[in-house]
Amino acid sequence: MSYRTPWQVTRSVWHALFMREAIARTTADRFAWFWMLAEPIAMVTVMVAIRAVVSSGHHIGGVDFIPWLICGLLGFYLFRENMMRSVGAVDANKALFAYRQVRPVDPVLVRCYLEGLLKTIVLLLFILASQLMGLGLMPSDLLGALFAWVSLWMLGLGVGLTLSVLSSLVPEVGKIVRIISLPLLIISGAMIPLNFVPYDLQQYLLLNPIVHGIESLRMFFFPSYQTLSGISMTFLWLCSLALISLGLMLHLRFSMRLRIQ
Amino acid sequence: MIHIHELSKRYHNHHGSDWVLQDINLEIPTGVNVGLVGPNGAGKSTLLRLIAGMDMPDRGEIIRDCRVSWPIGLAGGFQGSMTGRQNVKFVARVHGSDQEILKIIEFVEKFAEIGKAFDEPIKTYSSGMRSRLAFGLSLAFDFDIYLSDEATSVGDRAFKAKATKAFRDKVGQAGLIIVSHSEGILCDLCQAGIFLNDCHAHWFDDINEAIASYHASIKLAPT
């Protein structure tokens, strides 16, 4: 065996972890693949049913309700899964830190990468299915939609990196994250339009970077979409980059403690 | 060659944090088998873990300019939900042996002799099966220096004989750093020795001298 550069070592660790995580994620549960598709479908069905009963009108900001909802939900799930999967990433791979090549940050990065890929496949399947059903879920600005999608992914990565350290050091953090994931779904405007919220309150909701990601994604999908004022990709990227930096710094600072526990 | 430079390590606990190892300077050459001796709690296993990179020093550094193994027979390095085969694959991939991955799996499967259990999750294994697998895995790679923490004592009688033989063959071609309380094994396998006492390490070119000064320190200690 010959000498390997640090980059080669890191790459083979990522490759090994990716294979492991991909198998665990898609085959651990017999219905793993099924749930990936069924969860958003069930959510869309329930919301459409509720909306049919409660309110009138099928348009939100000039866009059909169903594609609007799918777009928001998938965007939110992309963020949420990156955050939730990262929380358990360090603890689930603790045994593998016995090999010095594997660092606590590696499983988090690999999980976020894998989760992003899976969610992208789900999005593509949804776009394909809705094209066939004539629902009109097709990005009008393909590059822009891709950019917004990647932005949400990066935000999830930043939150994931940060929370993966915190939840390993303080186990309660993981529980709190699980509790806030539902309220987060509501205040992020994934299924309830924020246009209906009073203006004063909107200003507070706009502090949440997920809103900016989801609304931008919708703007790139539907050219005629009337979004909230004050939606900014710059703010989203500032948050993402700040969180990614913070997460990486925490990983550097606490890598020893994450390994041992 | 493993360079250990100004290495210090302590563990933090509720009763303060005393140094386990302090200002250790060692140069461990590649071709030599080294035995680590010292009383319980002297930091032998800690030093081995630090050399393996499983733990980080509080001060100082360890430079490895050769391929150093993880401690042989380390059963803790398995992921319980993955099968034996998947764990072996994982370790082979981490060590960059993608081309030889089939060869490595075949070797481990044959060596461990755990039959169909190789494709069952590790959490269903008995401790004997785990250590068979762990031992086979360590021997499947070619390292320049092997680390061992009382590893030759695993499995049943038949496996022990086989493991000891394979272990000796491997170690004959490479270097070894071993922690053991059995002086027979140490004298048999090692040429040089390190005696750990009072947070400090003393290097001896002859293992017998290291053992002798360990014995002397026991006699000197107040009873």
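All values derive from a computational prediction rather than experimental measurement. Chains are numbered independently. Their residues run from 1 in the order of the written sequence. For naming, the first written chain is A and the first written ligand is 1, with later ones following in the order written. Restriction of local features to residues with pLDDT of at least 70 applies here, the model being predicted, together with a cutoff of 80 or more for giving and counting side-chain atom pairs; totals for whole chains, interfaces and linings are based on all residues. Only hydrogens and water are set aside when side-chain values are computed; all heavy atoms of the structure are taken into account.

On to a nonpolar patch on the surface, then. Residue and element names in this part refer to chain A. Exposure above 30% relative accessible area and the lack of any salt bridge qualify a residue for a patch; like charges then connect within 9 Å, and the nonpolar side chains Val, Leu, Ile, Met, Phe, Trp and Tyr within 5 Å. Accessible areas in this description were obtained via Shrake-Rupley with a 1.4 Å probe; residue shielding takes into account the shown protein chains only. Throughout this description, the term salt bridge denotes a Lys or Arg side-chain nitrogen within 4 Å of a carboxyl oxygen of Asp or Glu. Residues Val-46, Ile-50, Val-53 and Val-54 make up a contiguous nonpolar surface patch of roughly 400 Å² in combined accessible area. Assignment of secondary structure puts Ile-50 in helix 2 (residues 32-54). On the basis of relative accessible area, Ile-50 is assigned to the partly exposed category, the value being 41%. Secondary structure elements are defined from DSSP: runs of H or I of at least 4 residues count as helices, runs of E of at least 2 residues count as strands, and each element is numbered from the N terminus. For each residue, the accessible area found with a 1.4 Å probe, counting protein chains only, is set against the maximum for its type, and the residue is called buried under 20%, exposed over 50%, and partly exposed in between.

Residues and elements named next belong to chain B. Along the polypeptide, Lys-170 turns up in helix 5 (residues 157-173). The exposure class assigned to Lys-170 is buried, which follows from its relative accessible area of 14%. Whenever two N or O atoms come within 3.5 Å, that pair is a polar contact, provided that in protein one can donate a hydrogen and the other can accept it, and provided that, for residues adjacent in sequence, both atoms are side-chain atoms. Of the polar contacts made by the side chain of Lys-170, one reaches the backbone oxygen of Leu-139; its length is 3.4 Å.

Now for the sheet that holds strand 4 (residues 59-64) of chain B. Residues and elements named next belong to chain B. When DSSP finds two or more bridges between a pair of strands, those strands are recorded as paired. Overall, antiparallel pairing links the 3 strands, which are arranged 2-1-4 in an open sheet. Whereas interior strands pair on both sides, the edge strands pair on one side only; in this sheet they are strand 2 (19-28) and strand 4. Each strand axis lies, on average, 15° off the axis of its neighbour in the sheet, ignoring direction. Two strands pair when backbone bridges link them, and strand 1 (residues 2-10) and strand 4 are joined in this way by 5 bridges, in the antiparallel orientation. Residue His-5 lies in a different strand from strand 4, and its bridge partner there is Glu-61. Here, two residues are considered to be in contact whenever any of their heavy atoms come within 4.5 Å of each other. All axes are obtained by fitting lines to C-alpha atoms, using only the stretch in contact for helices, and the reported angles, taken between N-to-C directions, cover 0 to 180 degrees. Against the sheet, helix 1 (residues 44-52) touches strand 1, strand 2 and strand 4, its axis set at about 125° to strand 1.

Note on aromatic pairs: the rings of Phe, Tyr and Trp (six-membered ring only in Trp) are paired at centre separations within 6.5 Å, and the planes decide the class, stacked below 30 degrees, edge-to-face beyond 60, tilted for the rest. For the structure shown, the criterion picks out 18 aromatic pairs over all chains. A ring pair is formed by Phe-147 of chain A and Trp-237 of chain A, whose centres lie 5.9 Å apart and whose planes are at 15°; its orientation type is stacked. Remark: Trp-237 of chain A occurs in helix 9 (residues 233-260) and Phe-147 of chain A occurs in helix 5 (residues 142-169); sequence separation between them is 90 residues. Relative accessible area serves as the criterion here: at 40%, Phe-147 of chain A is assigned to the partly exposed category. Summarising the aromatic geometry, the rings of Phe-135 of chain B and Phe-167 of chain B are spaced 6.2 Å apart at their centres and angled 50° between planes, so their arrangement reads as tilted.

Okay, the layout of surface pockets next. Within this model, the largest pocket holds a volume of roughly 800 Å³. Within this scheme a cavity is a closed region of a 1 Å grid, computed over the protein atoms alone, that accommodates a 1.4 Å probe without allowing it to escape, whereas a pocket is open but has protein on both sides within 12 Å along at least five of seven lines; lining residues each have an atom within 4 Å of a point. What lines the largest pocket is a set of 27 residues, among which Val-9, Arg-100, Gln-101 and Arg-103 of chain A together with Arg-64 of chain B lie closest to the centre. Breaking the lining of the largest pocket down by element, the ones donating at least two residues are helix 1 (6-27) of chain A together with strand 4 of chain B. Side-chain classes are defined by residue name, with Ala, Val, Leu, Ile, Met, Phe, Trp, Tyr, Cys and Pro counting as nonpolar, Asp, Glu, Lys and Arg as charged, and the others, Gly among them, as polar. When the residues that make up the lining of the largest pocket are grouped by side-chain class, the tally is 11 nonpolar, 5 polar and 11 charged. Lining the second largest pocket we find 22 residues, and of these Arg-25, Met-36, Glu-81, Arg-85 and Glu-115 of chain A sit closest to its centre. Listed by contribution, the elements that provide at least two residues to the lining of the second largest pocket are helix 1, helix 2, helix 3 (65-92) and helix 4 (105-133) of chain A. For the lining of the second largest pocket, the element with the most residues is helix 3 of chain A, which contributes 6 residues. Each residue belonging to the lining of the second largest pocket can be placed in one class, and the counts come to 11 nonpolar, no polar and 11 charged. Grid points are joined across faces, edges and corners, and a volume is the space filled by probe spheres set on the points.

Residue and element names in this part refer to chain B. Interaxial distance between helix 2 (residues 84-94) and helix 3 (residues 101-112) falls to 10 Å at its minimum, and their mutual angle equals 135°. With respect to helix 3, the element helix 2 is oriented oblique. Regarding helix 2 and helix 3, the two cross each other, and that crossing is right-handed. Here Arg-85, Val-88, Lys-89, Ala-92 and Arg-93 of helix 2 come into contact with helix 3, specifically with Ile-101, Ile-104, Ile-105, Val-108 and Glu-109. Class assignment of the residues belonging to the contact of helix 2 with helix 3 gives a composition of 6 nonpolar, no polar and 4 charged. Geometric relationships in this document are graded by angle, where less than 35 degrees denotes roughly parallel, more than 145 denotes roughly antiparallel, 65 to 115 denotes roughly perpendicular, and other angles denote oblique. Two helices cross in a left-handed way if the nearer one is turned anticlockwise from the farther one by less than a right angle. They cross in a right-handed way if the turn is clockwise.

Let's shift gears to the pattern of salt bridges. All names here are of chain B. Taken as a whole and assessed by the stated rule, the structure comprises 20 salt bridges over all chains. Arg-85 serves as the salt-bridge partner of Glu-109, at 3.5 Å between the closest nitrogen and oxygen. With Glu-109 in helix 3 and Arg-85 in helix 2, this residue pair connects regions lying 24 residues apart in the sequence. For Glu-109, a relative accessible area of 32% puts it in the partly exposed group.

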